[in-house]
Amino acid sequence: MPEVKADVLIVGASLAGGAAAKRLVDAGFKTIMIERKELPRHKICSGILSPRGWRFLHENFGEPPPEAFHEPKHVRGVNFLFRNGLQLPMEFTAGPTPHIYRKFADLHVVRKSRAEIHERTEFTEILPDDAGVTVKARRRGEPVTYRAKYVIAADGPRSSVVAKLYPGFRDSIWWFVVGQKYYKGEIGLDPAWFHFMIHPELGYYNWHHPEAGCQIVGYTCEHGESWPDGHARVVEYLRENHGLRIREEVSKEGCLENFGMSLTNHFVFGKQRVLVTGQAAGFLNMMAEGMSCALHSGATAGEAIVEAVARNRDPNALYDELIQDERRRTVDQWNPLRILLSTPHEADLKGAIRKFPLVDRAYMVKEMLAYCGQYRGYQWMAPILAAAVRRLFLGRY
Ligand SMILES: Cc1cc2nc3c(=O)[nH]c(=O)nc-3n(C[C@H](O)[C@H](O)[C@H](O)COP(=O)(O)OP(=O)(O)OC[C@H]3O[C@@H](n4cnc5c(N)ncnc54)[C@H](O)[C@@H]3O)c2cc1C
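Let us look at the structure shown here. For clarity, every value in this text was computed on a predicted model and none was experimentally measured.

The number of helices and strands found in the protein is 13 helices and 17 strands. Its C-alpha atoms give the protein principal-axis dimensions of roughly 65 × 50 × 40 Å. Going through the 397 residues of the protein one by one, you find that 45% of them count as buried. Taking as baseline every contact in the protein between residues at least 6 positions apart, the subset at least 24 positions apart corresponds to 73%.

Across its 21 residues, helix 7 (residues 291-311) extends 30 Å between first and last C-alpha, which sits within 8% of the 30 Å expected from 1.5 Å per residue. Most of helix 7 sits out of view: 15 of its 21 residues are buried. Two residues or fewer after helix 7 comes Asn312, characterised by a positive phi angle close to 50 degrees.

Looking now at helix 3 (residues 102-112). Every buried residue belonging to helix 3 is among Arg102, Ala105, Asp106, Leu107, His108, Val109 and Val110, and all of these are buried. Against helix 1 (15-26), strand 2 (31-34), helix 2 (51-61), strand 6 (97-100) and strand 7 (116-118) lie the buried residues of helix 3.

Next up on the list: unusual backbone geometry. Look at the link from Leu39 to Pro40: it is a cis peptide, with omega at -5 degrees. Its place among the elements puts Pro40 in the loop between strand 2 and helix 2. In the segment running from Glu71 into Pro72, the intervening peptide bond is cis, with an omega of -5 degrees. Along the polypeptide, Pro72 turns up in strand 3 (residues 69-75). Look at Gln379: it is not a glycine, yet its phi comes out positive at around 55 degrees. Turning to its location among the elements, Gln379 is positioned in the loop between helix 12 (358-372) and helix 13 (381-394). Gln379 sits in the exposed class, given 10 other C-beta atoms within 10 Å.

The environment of the ligand is formed by 39 residues, the closest being Gly12, Ser14, Gly156, Gly278 and Gly290. Counting residues per element, the ones that place at least two in the shell around the ligand are helix 1, strand 8 (121-128), strand 11 (176-186), strand 15 (245-257) and helix 7. A per-element tally of the shell around the ligand places helix 1 first, with three residues. A class-by-class count of the residues in the shell around the ligand yields 18 nonpolar, twelve polar and nine charged.

Inspection of the sheet shows strand 4 (residues 77-82) paired to strand 5 (residues 87-91) by five bridges, in the antiparallel sense. Bridge assignment links Phe80 to a residue of strand 5, and that residue is Leu88. Taking the residues between adjacent antiparallel strands as the criterion, strand 4 and strand 5 are bridged by four residues, where Gly85 takes a positive phi near 100 degrees.

One way to put it is that helix 2 packs onto helix 7 with a least axis distance of 8 Å and a crossing angle of 45 degrees. The angle between the axes of helix 2 and helix 7 places the two elements in the oblique class. Considering how the two elements wind past one another, helix 2 and helix 7 form a crossing that is left-handed. The residues of helix 7 that touch helix 2, namely those facing Arg52, Gly53, Phe56 and Leu57, are Met291, Ser292, Leu295 and His296. Of the residues contributing to the contact of helix 2 with helix 7, the split by class is four nonpolar, three polar and one charged.

Before going further, it helps to examine the environment of Met33. Examined against the element boundaries, Met33 turns out to sit in strand 2. It is 10.0 Å that separates the C-alpha atoms of Met33 and Ala153, two residues lying 120 residues apart in sequence. Among all residues touching Met33, those that are not within four sequence positions of it are Ile10, Ala13, Gly17, Ala21, Val110, Ala115 and Ile117.

Bringing the pairing of strand 4 into the picture now. Judged by how many residues are buried, strand 4 sits mostly within the fold: five of six residues are covered. Where strand 4 lies against strand 12 (residues 193-198), six bridges are found, and the strand directions are parallel. Bridge assignment links Gly77 to a residue of strand 12, and that residue is Trp193.

With that settled, the discussion passes to the sheet that holds strand 11. For sheets, the rule is that strands pair by backbone hydrogen bonds, running either parallel or antiparallel. Read from one edge to the other, the open sheet built from seven strands follows the order 5-4-12-13-14-11-15, with strand pairing classed as mixed. Only two strands of the sheet have a single neighbouring strand rather than two, namely strand 5 and strand 15. Pairs of neighbouring strands in the sheet enclose a mean axial angle of 20 degrees, with direction left out of account. Relative to strand 15, strand 11 is paired through eleven bridges, and the arrangement is antiparallel.

What counts, and at which threshold
Residues numbered from 1 in each chain as written. Predicted model: local features only at pLDDT ≥ 70, side-chain atom pairs only at ≥ 80, totals over all residues. Helix = DSSP H or I, 4+ residues; strand = E, 2+ residues; numbered from the N terminus. Buried ≥ 20, exposed ≤ 12 C-beta atoms within 10 Å, placed from the backbone. Contact = placed C-beta atoms within 7 Å. Expected span 1.5 Å × (residues − 1). Near = placed C-beta within 6 Å. Nonpolar A, V, L, I, M, F, W, Y, C, P; charged D, E, K, R; others polar. Pairing = 2+ DSSP bridges. Axes fitted to C-alpha atoms, helices over the stretch in contact; angles between N-to-C directions. Parallel < 35°, antiparallel > 145°, perpendicular 65-115°, else oblique. Left-handed = near helix turned anticlockwise from the far one by under 90°.

And the structure:
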């Protein structure tokens, strides 16, 4: 069986992997990125890259080609839809942000990193030892072994690397089914916004936005619940309240998501020369905005290895230190004290609410609390409060 050698092997050719690779290649490390799919590959995603994520992508990888953007090309912000008909638009404070087409935006990032990319190569096993890490994979169906000094796991929410490194991990967190359908049709909602339904009886996370001439309706449920039934309820709600008219269902897609890790401050950063980054580590901002933290945490993982070699330090210990800044930004978004006393998001929730009369403000807050009440069964409140107290007294999580 062939053995391929590298300084760093990255699992997952996506935004986190591409950002890590860029830092490593720039510093002269032989970097190989393995990706189970053929590139350019599809990735389920609304594609709304926050202003911070866009700045990072543009500064580090340059302007993406035209095919890396969707139509409409820009999004003004997030608009909450309430069941009494009120709408709460929250503009991104830095202005409209691009709506990217992951298939080509990710390709742009991973190519610009200049790492060697092995497509159709699926990670299967990881064996760290004192001198390095052996990774087994299947490349175009054939077994292949990699030997690297370090490994970065950037293989997304359902990370196989994390599952192998921490065998009980998958069973220790909640999993959610996130899916969306594309329809030809019309809707009475402004296409310049990402619309999010604050409705305590409709489900955990439901959204609408237009893309490529289609109306997208998304719905989330706990793994094991009936996704089609819940999705049909959201479609019905949009029909009755926002004039959704469907002519044809074009396509549907879904995946499993690890919501909960960032809001409960439960991250996995790796061990034994394996650094876990992006959503594999648990990074996900509010509104399932995961691209900006994937880019930043990926770059930090690359930087940790560059610095560890330069300073003869343990890469995992250094990564644990360097990643605290991104962790603070992410967990701040879920910290009730930060939400009340500062502005941890890239849009100003409190400022947007203040524009409404008192009676509407009271209604919106009541509905948002009722909406959060859906998550009662997950016992997330205790870790959220523990993290908030830790941040208050120690300044970190
Ligand atoms: C429906 C939906 C909508 C979303 N909308 C937004 C949005 O509008 N804005 C936003 O910022 N975020 C959004 N997100 C979140 C965002 O997509 C993720 O947080 C982000 O893509 C995480 O990036 P990543 O680089 O960590 O991993 P991923 O993008 O998940 O990439 C992981 C890569 O690893 C590869 N891989 C996986 N397993 C293996 C293996 N065994 N071997 C080799 N390769 C492997 C995958 O094929 C993939 O290329 C959305 C997510 C969903 C599900």
